[in-house]
Amino acid sequence: MLPYVFLIIFLTLQNAVRCKLVYKTAYAFTVERVPANPDRYPITAIQVSDEDHVVGRDRAFPGPPIRARKGDLLEVTVHNAFDDETTSVHFHGLHMTDNPWMDGVAGLTQHPIPPMSSFTYRFNATQTGTFWYHSHSGHQYAGGLLGPLIVDYRIGEQDPVKISYPYTVDEVIILQDWFHENEHDLYINYRGPYNAFGRRKRHQGDSHPIYQPNYPWKPHSLLLNGRGNFDCSTMNESRTCFSHSFCQSSEQCIRERKPLLQECRSEPYPVEEFLCGGRFIRLRLINGAANVPFKLWIDKHELIIVARDGIETKPLTRKYVIIPVGQRLDVMVPCTGTQFPSVKFNIFVTVAIAYLPDNADNPRIDTFVTGLLTYPPGTGSVVEPDFLPVDDPTRSSGGEMFEYQLEPLTEETAPPADERIVLQYGEVSSVIPGEPLEEWTIDGITHIMPKLPLLQAMYFEEPLNQTVRDLGAGPMGNKRRTHIRHLQYNRTYDFVVIGASSQQHPWHLHGYTMSFVAAGTLNRSTDFELGAKDECGCDGVGTVKKAALDAMIDWREPAKILTKGDSFTVPRYGYAIFRVKMVNQGPWLFHCHVDWHLGMGMAMIFSVERDGRYPDIQAPPVDFPAYLPMSGFRPAGSSHTNSGTSIGGQAQVVAAWLAVLTFALVQIYRG
Ligand SMILES: [Cu+2]
């Protein structure tokens, strides 16, 4: 009887992605575009595979789980099997201390990996918790280049979560928003420069039509561990989303259409199941979306939040959780469902309502995805849920501030800062032919990536003015250039991030975990100077007023830490304040994690320097993707005090030039 029971459990659960407790330190990933149907709708997508994890077109992604222990030296080889695209991989949340070469930001910390070549990321896992990896080239992560990365405590070290909540089942849920158009088309359609499809809006009281960006507000489906269940029989080619009547604008929507490549699959995928065995199940929730914050709840179960962004939190019991883009929440689910005769309970995932701008007329995004929490023996019916997502009684409670109640388990007070830096972001729109329809700025600057990866330029002491880009003024007075903020090594900063935007934004800082000491909303009318009229004739938002800043927490005083993390939300017309000691040298990207906004300049570089350079970081790896130096390579040891892993400068020069030569030969051969 017993083997039979196990067989049933196995058969029931085999379809779920399992982040198995298989620890490996060496991974060999291949990334490529493949025909896929993540939600039964056929489309091309990006597959990440390795020898243990080739799942084919029914589940092209998420990529293979990276599972390691603290202290492990990880080697992740990425083979670029795209026909004609470069790539790079960022390990989201890992600090890469003194080793910014491994941060994976194409154009900033490395040249991207060329097609049909490989590069091995080598780094120490120095933190524990739930992280993820994703492409930091183009918009590839929106197309599926992503996967989970879990670091456990060393053998013999005690995991505080496991002590408090003895669990035997440990699962990953990675969530995505998904479209039936590829990420290139979504991005170009949003950016412009002009709208070929006749979408337009009018100035108030003006009959002159102007074009507006078509932002991909409403995903076609949501994916849970790479799978959703879009029902093609419900496809509505005149799908509607919502509009902004205050601006007399037409609706912003990505339409549905019959699939180009194949027919939709008629039979649904089995719903992902997670076994509630023992007293608790640990769920590691990762928001890998390009755009939307998620809300997740489990019918008739409570969720105990125990970690956020890899930092253990004081346990907080909630009926639902909000997971903004880039964030990770670890939750313990008490397996209390045994009192019911049935054995399966719905896990519901919807788009958190606060995602929409405050002036949306019809604020409903009804897309959702489900999973199942299943009790042994794993067979049986699904319990009638208390309510469906469409009837969610807490639907309208925004959730923008959810993360600011997740207190760290141990650290309670942030020390005073040495300096406060205020950063204000916002958008500019234009209707000038040939220009993007919308760009984003921080302090008036639309970020453009440098000509040469800044890290290499700084390390090899290239002249900065030959490295950065400066394209002059954009059409709305915004400055288009490489946006660098030079910060002093070992100095503690207090950053105030002001959002002059009608929507919330999910920010991420590479290389650090920050301590948040305040967050909230501002008054659009009274806390900001009056800005120029926008393209609809409405009053624009100018700089935040000094009085509003003066009312904020004093940076010269210690402050209670509300929460810690590497990814955070700034509410609509709101702010967040974090403190961070700059202990990790290098050029670290600070950016909105909405992939479409990052593309339109919503980013800047925190360059953490000692004496104007990065003298204490490791030497670059010998097999780094080739780049052509502006003024020749310099031996790594000549003017730097490198750590013990430094390699001989001469060998490095030879290896780098060999790489350049090989790349050139490959190009000639391919051509
Ligand atoms: Cu954004």
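For every chain, the first residue of its written sequence is number 1, and the numbers climb from 1 along that sequence. pLDDT decides what is reported in this predicted model: residues at 70 or higher carry local features, side-chain atom pairs at 80 or more are listed and counted, and totals for whole chains, interfaces and linings draw on all residues regardless. Computation of side-chain values covers all heavy atoms of the structure but excludes hydrogens and water.

Asks: Report on the overall build of the protein, specifying residues and quantitative values.
Replies: Where helices and strands are cited, they refer to DSSP runs of H or I of at least four residues and of E of at least two residues respectively, numbered from the N terminus. Within the protein one finds 7 helices and 39 strands. Relative accessibility thresholds used throughout: buried, under 20% of the residue-type maximum; exposed, over 50%; partly exposed, between the two (1.4 Å probe, protein chains only). Residues counted as buried form 60% of the 671 residues belonging to the protein. Here, Shrake-Rupley sampling with a 1.4 Å probe gives the accessible areas, and only protein chains in the shown set may cover a residue. By element, 54% of the accessible surface of the protein is carried by carbon and sulfur atoms, the whole surface being about 25900 Å².

Asks: An account of the pattern of salt bridges is needed here, citing residue identities and associated values.
Replies: A side chain of one charge can pair with a side chain of the opposite charge if their charged atoms are brought near each other. Just to be clear on terms, a salt bridge is a Lys or Arg side-chain nitrogen sitting within 4 Å of an Asp or Glu carboxyl oxygen. Following the criterion strictly, the structure yields 40 salt bridges and no others. Residue Lys 314 pairs with Glu 407 through a salt bridge whose shortest N-O separation is 3.2 Å. On the criterion of sequence distance, the pair formed by Lys 314 in strand β17 (residues 311-318) and Glu 407 in the loop between β21 (368-374) and β22 (413-414) is long-range, its members being 93 residues apart. The network of salt bridges with shared partners includes Arg 67, Asp 152, Asp 159, Asp 170, Arg 282, Arg 284 and Asp 330.

Asks: Lay out the sheet that holds strand β13 (residues 273-275) with the relevant residues and their values.
Replies: We call two strands paired when DSSP finds no fewer than two bridges between them. Read across the sheet, 5 strands follow the order β13-β21-β20-β15-β18 without closing on themselves; strand pairing throughout is mixed. The sheet terminates laterally at β13 and β18 (320-323), the two strands that pair on one side only. Neighbour to neighbour, the strand axes of the sheet diverge by 25° on average, direction disregarded. Across 4 bridges, the pairing between strand β15 (residues 294-298) and β18 is antiparallel. Note on geometry: axes are lines fitted to C-alpha atoms, helical ones only across the stretch in contact, with angles between N-to-C directions running from 0 to 180 degrees.

Asks: I'd like a rundown of the coordination of the copper ion, residues and numbers included.
Replies: Ligation of the copper ion by protein atoms is provided by His 505 (ND1), Cys 592 (SG) and His 597 (ND1), these donors lying 2.1 Å from the ion. For Na, K and Ca the donor cut-off is 3.2 Å, while for other metals it is 2.8 Å, and in both cases only N, O and S atoms qualify; water is not among them, so sites may look incomplete. The sequence pattern describing where the donors of the copper ion fall on their chain is H-x86-C-x4-H. Each member of the pair, Cys 592 as well as His 597, carries the same accessibility label: buried.

Asks: Report on empty space enclosed by the protein, specifying residues and quantitative values.
Replies: Here a cavity means grid points, on a 1 Å grid over the protein atoms only, where a 1.4 Å probe fits yet cannot get out; a pocket means an open set of points with protein on both sides within 12 Å along at least five of seven lines; lining residues are those with an atom within 4 Å of a point. Grid points are joined across faces, edges and corners, and a volume is the space filled by probe spheres set on the points. Throughout the structure, instances matching the rule amount to 7 cavities of 30 Å³ or more. As a volume, the second largest cavity reaches approximately 100 Å³. Around the second largest cavity sit 14 residues that line it, and Ala 142, Trp 178, Phe 179, Glu 181 and Leu 186 are the ones nearest its centre. Contributions of two or more residues to the lining of the second largest cavity are made by β2 (43-49), β9 (169-178) and α3 (183-191).

Asks: Please set out the sheet that holds strand β28 (residues 484-488) residue by residue, giving values where relevant.
Replies: With respect to topology, 5 strands assemble into an open sheet ordered β28-β39-β38-β30-β36, the strand pairing being mixed. One side of each edge strand has no neighbouring strand; the edge strands of this open sheet are β28 and β36 (567-570). Each neighbouring strand pair of the sheet contributes to a mean axis angle of 25°, computed without reference to strand direction.

Asks: Report on the state of the cysteines, specifying residues and quantitative values.
Replies: Disulfide: a pair of cysteine sulfur atoms within 2.5 Å of each other. All told, the structure shown has 2 disulfides when counted by the stated rule. Between Cys 232 and Cys 264 runs a disulfide, and the two sulfur atoms are separated by 1.4 Å. What sets the handedness of the Cys 232 and Cys 264 disulfide is the S-S torsion sign, and at about -40° it is left-handed. Note that Cys 232 is positioned in the loop between β12 (221-224) and β13 and Cys 264 in the loop between β12 and β13, a separation of 32 residues in sequence. A relative accessible area of 18% places Cys 232 in the buried class.

Asks: I'd love a proper account of the nonpolar core, names of residues and values included.
Replies: In summary, soluble globular proteins display a tendency toward joint burial of nonpolar side chains. Core analysis: the biggest nonpolar cluster contains 144 residues, and Phe 91 and Phe 568 have the highest contact counts within it. Counting residues per element, this core draws most heavily on β9, at 6 residues. We define the nonpolar core as a collection of buried residues of types Ala, Val, Leu, Ile, Met, Phe, Trp, Tyr and Cys that are connected through side-chain atoms lying within 4.5 Å of one another. Core analysis: the second largest hydrophobic core is formed by 17 residues, Ile 498, Val 517, Leu 522 and Met 552 among them.

Asks: Could you give an account of the layout of surface pockets, naming the residues involved and the relevant values?
Replies: Volume-wise, the second largest pocket comes out at about 640 Å³. If you go around the second largest pocket, you meet 27 residues; those closest to its centre are Gly 138, Tyr 187, Met 449, Leu 598 and Gly 599. It is helix α6 (residues 595-599) that provides the largest number of residues to the lining of the second largest pocket, a total of 3 residues. Gly is placed with the polar residues, together with every amino acid not listed as nonpolar (Ala, Val, Leu, Ile, Met, Phe, Trp, Tyr, Cys and Pro) or charged (Asp, Glu, Lys and Arg). Per-class residue counts for the lining of the second largest pocket are 10 nonpolar, 13 polar and 4 charged.

Asks: Hey, could you go over the confidence of the model for the protein for me, with residue numbers and the actual values?
Replies: Scored from 0 to 100, pLDDT reflects the predictor's confidence in each residue. Averaged over all residues, the pLDDT of the protein equals 86, while 83% of them reach at least 70. The contact criterion used is simple: two residues touch if any of their non-hydrogen atoms lie within 4.5 Å. Throughout residues 1-19 the model reports pLDDT below 50, and contacts reaching past four residues in sequence, or to other chains, amount to 32 contacts. In the predicted structure, residues 663-671 sits below a pLDDT of 50 and forms 4 contacts with residues beyond four places in sequence or in another chain.

Asks: Just give me the short version of the pairing of strand β23 (residues 419-429), but keep the residues and values in it.
Replies: Across the 11 residues that make up β23, a large majority, 8, are buried. Taken together, the 7 bridges between β23 and strand β29 (residues 492-499) define a ladder with parallel strand orientation. Along β29, the bridge assignment pairs Glu 419 with Tyr 493. As paired elements, β23 and strand β24 (residues 438-442) share 5 bridges and run antiparallel to each other. Each residue of the ladder has a partner; that of Ser 429, found in β24, is Glu 438.

Asks: Describe in detail α3, supporting the description with residues and values.
Replies: All of the buried residues along α3 are Glu 183, Leu 186, Tyr 187, Asn 189 and Tyr 190. Down the axis of α3, the sector holding all buried residues measures 165°, keeping them to one side. Where α3 begins, one side-chain oxygen reaches toward the backbone nitrogen of His 184, 3.0 Å away; that side chain belongs to Asn 182. Two residues or fewer after α3 comes Gly 192, characterised by a positive phi angle close to 95°. For this quantity, the arc is that covered by the directions from the helix axis to the C-beta atoms. By the criterion applied in these results, polar contacts are pairs of N or O atoms within 3.5 Å in which, for protein atoms, one can donate a hydrogen and the other can accept it, and in which residues neighboring in sequence qualify only through two side-chain atoms.

Asks: Lay out the packing of aromatic side chains in plain terms, naming residues and giving numbers.
Replies: We call Phe, Tyr and Trp rings a pair once their centres come within 6.5 Å, taking the six-membered ring for Trp, and we label the pair stacked below 30 degrees between planes, edge-to-face above 60, and tilted otherwise. Applying the stated criterion across every chain yields a total of 35 aromatic pairs. Judged by centre distance (6.3 Å) and plane angle (80°), the ring pair of Tyr 41 and Phe 230 falls under edge-to-face. On the criterion of sequence distance, the pair formed by Tyr 41 in the loop between β1 (26-36) and β2 and Phe 230 in the loop between β12 and β13 is long-range, its members being 189 residues apart. Across the pair, exposure class does not vary: Tyr 41 and Phe 230 are buried alike. Each ring, one from Trp 101 and one from Phe 624, has its centre 5.5 Å from the other, and the planes form 90°; the classification is edge-to-face. With Trp 101 in the loop between β5 (89-92) and β6 (118-124) and Phe 624 in the loop between β39 (603-609) and α7 (649-670), this residue pair connects regions lying 523 residues apart in the sequence.

Asks: Which residues make up the environment of Leu 409, and what values do they have?
Replies: Along the chain, the position of Leu 409 falls in the loop between β21 and β22. On a C-alpha basis, the gap between Leu 409 and Lys 564 in space is 9.9 Å, while along the polypeptide they are 155 residues apart. Residue contacts for Leu 409: discarding those within four places in its chain leaves Pro 160, Glu 312, Thr 313 and Lys 314.

Asks: Lay out the side chain of His 180 with the relevant residues and their values.
Replies: Mapped onto the elements, His 180 comes out in the loop between β9 and α3. Residue His 180 is classed as buried on the basis of its relative accessible area, which comes to 4%. Of note is the side chain of His 180, whose polar atom sits 2.7 Å from the side chain of Asp 39.

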